[in-house]
Amino acid sequence: MLGFLKQPVVVTAEINVNLVALTVMGLVNRLWALSYPRAVVFDEVYYGQFVSLYMKRIFFVDDSGPPFGHMLLAFGGYLGGFDGNFLWNRIGAEYNMNVPIWSLRLLPALTGALCVPLAYQILVELHFSHCAAFGAALLILFENSLITQSRLMLLESVLIFFILLAILSYLKFYNLQKCSPFTAGWWFWLLLTGVACSCAVGVKYMGLFTYMLLLAIAGVHSWHLIGDQTLSNVSVLCHLLARGLALVVVPVAMYLFFFYVHLTLLYRSGPHDQIMTSAFQASLEGGLARITHGQPLEVAYGSQITLRNVLGKPMPCWLHSHKSTYPIRYENGRGSSHQQQVTCYPFKDVNNWWIVKDPGMQQLVVSNPPRPVRHGHIVQLVHGITTRYLNTHDVAAPLSPHSQEISCYIDYNISMPAQNLWRVTIPLLQEIVNRELDTDVWKTILSELSGASLPEWGYRQLEIIGEKLSKGYHQSMLWNVEEHRYGKSQEQKEREVELHSPTQADISKNLSFMARFTELQWKILTLKNEDTEHKYSSSPLDWITMDTNIAYWFHPISGAQIHLIGNVLTWASANVATLVYVCLFLWYLLRRRRKICDIPEDAWRLWVSAGGFCVGGWAVNYLPFFMMEKTLFLYHYLPALTFQILLIPVVLQHLTDHLCRYPGHPTGCSAVLISGDGGSEMMGFIVPAAALPSGTLHYVPSVVTLPCLPEGHGENYSVNASTEPGKVNCSPV
């Protein structure tokens, strides 16, 4: 029973010394003296703010991308015991002892170090030599720009790591597909491909480029799979479902999970709340939640509401009116409507309350059951205290004469009828109010915050204007329903008492995760900061020539500096390799169209596969920037550069194996074709060159070198007798 104990337990393992050596060198290269400099370096001032907010659980919105990358940086701070108490206000500021800078820079450095062995494995999985793979890894290891970006609290190295991991995982999965589909290893690499893609997208939206590339390659492979007659219909269906699950469902689920963790961690109100809807703000601890707790979320006819401008610039303010009117004439001599002033007031005030009224009814209370206001409904807005209707007409605004005046209507019994019908437009989760004139031709007018401060007669409050023509929605046109309650008092005196009282309601409803995710995702995609020209910004054309750099840090005393700049030799070689690949690919493609084989079929497939991943990866990570209207920097090019570096040894090995052969030294793929007769169409057979006796061969017209067959293959081929010496039109018989 215990006989197995008589024999020793033996464990064998294969260790790739190249891989171990590259990993160790990568770790030393990226982690050595990681805490230097102990000062804020370039975009650390940007990412550090988000790390502090994570430590304090304060909600924020970053329009640069999803939250996964920020969470990884915050995790490094958590491991180092960072409490978030540091003022990230300027580049070059010295870190105090409270900031664990080594921990904050650790994860970018680790991912940057692991990119080195990943590059090695990718070329091995592409079936290139270990020498070529080792060369690619060394180029990644010693590339200046990748080293610099990896040793700081930045996200590019993390992004490149997940991109390379996704490529490697898919290659391992695809290679297993040929011999052992649906095994544990096959599923592992397929699922890891989807997870790595979702992580890349979760770090920065630039990861979407590589994800789309992998989906396209997987689509081509799936199309070939469908045409494989050796597979049953059920087997093909299982293959397609597995790929759909791993490459679509898993990444989407992971992406949602990143936001779930983000929203779970950041539950406190913060400085970015004002750009979110009131319902979202009410879901956060503190801030507006203390005001809006228990308020109804659905606006109905008769609702009493306050409207806050979403732009929040130059300061947060609410739609406001008071009994004062516009002056009959302004200082510049222009006349006004002398209607009741409507402004944007930056403080909470009872005059900020408005009542949503149905134009076809007189009641100013909510019916039972409530009739909700929907997208496209026509409403009137009644000022709660003065009971006058929000109005606009063809009178120039006080400070913006190119726009229309917004007022509350006073009937002076003159030829200026009220124009107070407003259409509610709700783009996704934002509630804005715009108006349509009741004339023969309907014209849209949008109420908008101009941002200008009115003179003394307007109490220095902010101007509200109307725009007839709009090129699209802008945040200054968006009005968010903030405080809200269902009106109950029909009499004006009772209503004024109600408006002065705190908002209370019995209806309470929490936003679901999907509602919060949808709103936050929309904000990330649509929120645009004002594009300002940066002295280190550059264009995509500057990147390939390295005609730009970024000064990351400067020591005021010693003069030590850190610049983001690449290795000139590496960047030039990468550009040459890309150009050579494209030229050779087109040359081979054109000649194969003419049935002329310059390289063996296996070498052609390898050449196409390497180009799909390396040149394709470079193209999808570089060319889209030409269409982007945003401030760009050199570090945006680093993912594309990584793919270009992988291409250098690919091209060198191809040139060595197939184009740089010396006369008199035939390779294993060379062969001699000996004709069977002297007609115009000749039948022949292949004899490997290595099988021929050494010595001088006499050239005859029917003997040519055929460099288009894999080594060791002997098949019958037909050739054309008029073929030029050294060129063969080869097709299997």
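What counts, and where the lines are drawn
- What you see as residue numbers is a count from 1 along each chain, following the sequence as written.
- Reporting of local features is limited, given that this is a predicted model, to residues whose pLDDT is at least 70; pairs of side-chain atoms are given and counted only at 80 or more, and all residues count toward the totals for whole chains, interfaces and linings.
- Only hydrogens and water are set aside when side-chain values are computed; all heavy atoms of the structure are taken into account.
- Only DSSP runs of H or I reaching four residues or more are called helices, and only runs of E reaching two or more are called strands; each is numbered from the N terminus.
- Residue contacts are counted whenever heavy atoms from the two residues lie within 4.5 Å of one another.
- Note on classification: 1.4 Å probe, protein chains only; a residue is buried when its accessible area is under 20% of the maximum for its type, exposed when over 50%, partly exposed between these limits.
- If DSSP finds at least two bridges between two strands, the strands pair.
- The axes are straight lines fitted to the C-alpha atoms, using for helices just the contacting stretch, and the angles between their N-to-C directions are given from 0 to 180°.
- Orientation labels follow simple angle bins: below 35 degrees gives roughly parallel, above 145 gives roughly antiparallel, 65 to 115 gives roughly perpendicular, and whatever is left gives oblique.
- Side-chain atoms within 4.5 Å link the members of a nonpolar core, which is a set of buried Ala, Val, Leu, Ile, Met, Phe, Trp, Tyr and Cys residues.
- The working definition used for a salt bridge is a side-chain nitrogen of Lys or Arg within 4 Å of a carboxyl oxygen of Asp or Glu.
- By definition, pLDDT measures how confident the predictor is in each residue, and it falls between 0 and 100.
- Counting of polar contacts relies on pairs of N or O atoms within 3.5 Å, with two restrictions inside protein: one atom must be capable of donating a hydrogen and the other of accepting it, and residues adjacent in sequence are counted only when both atoms are side-chain atoms.
- What counts as a ring pair is set by centres within 6.5 Å for rings of Phe, Tyr and Trp (its six-membered ring), and what kind of pair is set by the plane angle: stacked under 30 degrees, edge-to-face over 60, tilted for all other angles.
- Our working definition of a disulfide is a cysteine sulfur pair at a distance within 2.5 Å.

## Topic: the overall build of the chain
Then step 1. Across its full length, the chain carries 19 helices and 19 strands.
Then step 2. Of the contacts made within the chain by residues no fewer than 6 positions apart, 72% connect residues no fewer than 24 positions apart.

## A closer look at the pairing of strand β13 (residues 550-554)
Then step 1. Of all the five residues making up β13, four are buried; the element is thus mostly covered by neighbouring parts of the structure.
Then step 2. By the bridge criterion, four bridges tie β13 to strand β14 (residues 561-564) in an arrangement that is antiparallel. Paired with Phe554 across the bridge in β14 is Gln561.
Then step 3. The antiparallel pairing of β13 with β14 creates a hairpin that spans six residues between the two strands, and Gly559 there sits at a positive phi of about 80°.

## A few points about the packing of helix α10 (residues 207-226) against helix α11 (residues 233-265)
Then step 1. Where α10 meets α11, the axes come as close as 10 Å, and the angle between the chain directions of the two elements is 170°. Judged by the angle between their axes, α10 and α11 are roughly antiparallel. Touching Tyr211, Leu215, Ala218, Ser222, Leu225 and Ile226 of α10 are Val236, His239, Leu240, Arg243, Leu247, Val248 and Pro251, all from α11.

## A short note on the nonpolar core
As a rule of thumb, soluble globular proteins bury nonpolar side chains together.
Then step 1. Judged by nonpolar contacts, the single largest core of 134 residues is most densely connected at Phe59, Trp88, Ile122, Phe162 and Tyr552.
Then step 2. Tallying contributions element by element places helix α8 (residues 156-177) first for this core, with 14 residues.
Then step 3. When sequence neighbours within four positions are dropped, the list of residues in contact with Tyr552 reads Val41, Phe42, Ile91, Thr148, Gln149, Leu152, Leu154, Ile562, His563, Leu564 and Tyr635.
Then step 4. One finds Leu319, Val342, Val379 and Trp422 within the second-largest nonpolar core, a separate group that totals 22 residues.

## Notes on the pattern of salt bridges
Then step 1. This model, assessed by the stated rule, comprises 11 salt bridges.
Then step 2. Note that Glu44 and Arg105 form a salt bridge whose closest N and O atoms lie 2.9 Å from each other. Of this pair, Glu44 sits in helix α2 (residues 44-55) while Arg105 is found in the loop between α4 (101-104) and α5 (106-125), placing the two residues 61 residues apart along the sequence. Accessibility classification places Glu44 together with Arg105 in one group, the buried group.
Then step 3. Across the pair Asp602 and Arg605 runs a salt bridge whose closest N-O atoms are separated by 2.8 Å. Of this pair, Asp602 and Arg605 both sit in helix α18 (residues 601-622), three residues apart, which is roughly one turn of that helix.
Then step 4. Of the residues examined, Asp602 reaches a relative accessible area of 47% and is grouped as partly exposed.

## Comments concerning the confidence of the model for the chain
Then step 1. Summing up the model confidence of the chain, the mean pLDDT is 82 and the portion of residues at 70 or higher is 81%.
Then step 2. In this model, residues 428-446 is a region of pLDDT below 50 whose contacts with residues beyond four sequence positions or in other chains number 70 contacts.
Then step 3. Predicted confidence for residues 504-509 stays below pLDDT 50, and this span has 10 contacts to residues more than four positions away or in other chains.

## Points about the side chain of Ser336
Then step 1. Looking at the secondary structure, you find Ser336 in the loop between β2 (318-325) and β3 (340-345).
Then step 2. The class for Ser336 is buried, based on a relative accessible area of 16%.
Then step 3. At 3.2 Å, the side chain of Ser336 and the backbone nitrogen of His338 are in polar contact.
Then step 4. With residues near it in sequence (within four places) discarded, Ser336 still touches Tyr326, Pro327, Ile328, Tyr330, Val395 and Glu405.

## A look at the side chain of Thr548
Then step 1. By the secondary structure assignment, Thr548 is in the loop between α16 (540-544) and β13.
Then step 2. Residues within four places of Thr548 in sequence aside, it is in contact with Tyr536, Ser538, Asp542, Trp543 and Leu634.

## Re the packing of aromatic side chains
Then step 1. A full pass over the atoms with the stated rule returns 44 aromatic pairs.
Then step 2. Their ring planes at 65° and their centres at 5.1 Å tell us that Phe161 and Phe162 sit as a pair that is edge-to-face. Of the two residues, Phe161 and Phe162, neither departs from the other in class, the shared state being buried.
Then step 3. Centre to centre, the rings of Phe182 and Trp187 are 6.3 Å apart; their planes meet at 55°, and the pair counts as tilted.
Then step 4. Its relative accessible area of 29% is what places Trp187 among the partly exposed residues.
Then step 5. An aromatic cluster is defined as three or more aromatic residues linked by ring pairs; in this entry it consists of Phe209, Trp543, Trp571, Trp618, Tyr622, Phe625, Phe626 and Tyr637.

## Here's the deal with the state of the cysteines
Then step 1. Counted by the stated rule, this structure contains one disulfide.
Then step 2. Sulfur-sulfur distance for the disulfide between Cys317 and Cys344 comes to 2.1 Å. Looking down the S-S bond of the Cys317 and Cys344 bridge, the torsion is 90°, so its handedness is right-handed. Pair noted here: Cys317 is in the loop between β1 (303-309) and β2 and Cys344 is in strand β3, with a separation of 27 residues, a long-range link.
Then step 3. Its relative accessible area of 1% is what places Cys317 among the buried residues.
Then step 4. By relative accessible area, Cys344 is classed as buried at 0%.

## Quick notes on the environment of Pro296
Then step 1. Along the chain, Pro296 turns up in the loop between α13 (289-292) and β1.
Then step 2. For the pair Pro296 and Ala279, spaced 17 residues apart in the sequence, the C-alpha separation amounts to 9.4 Å.

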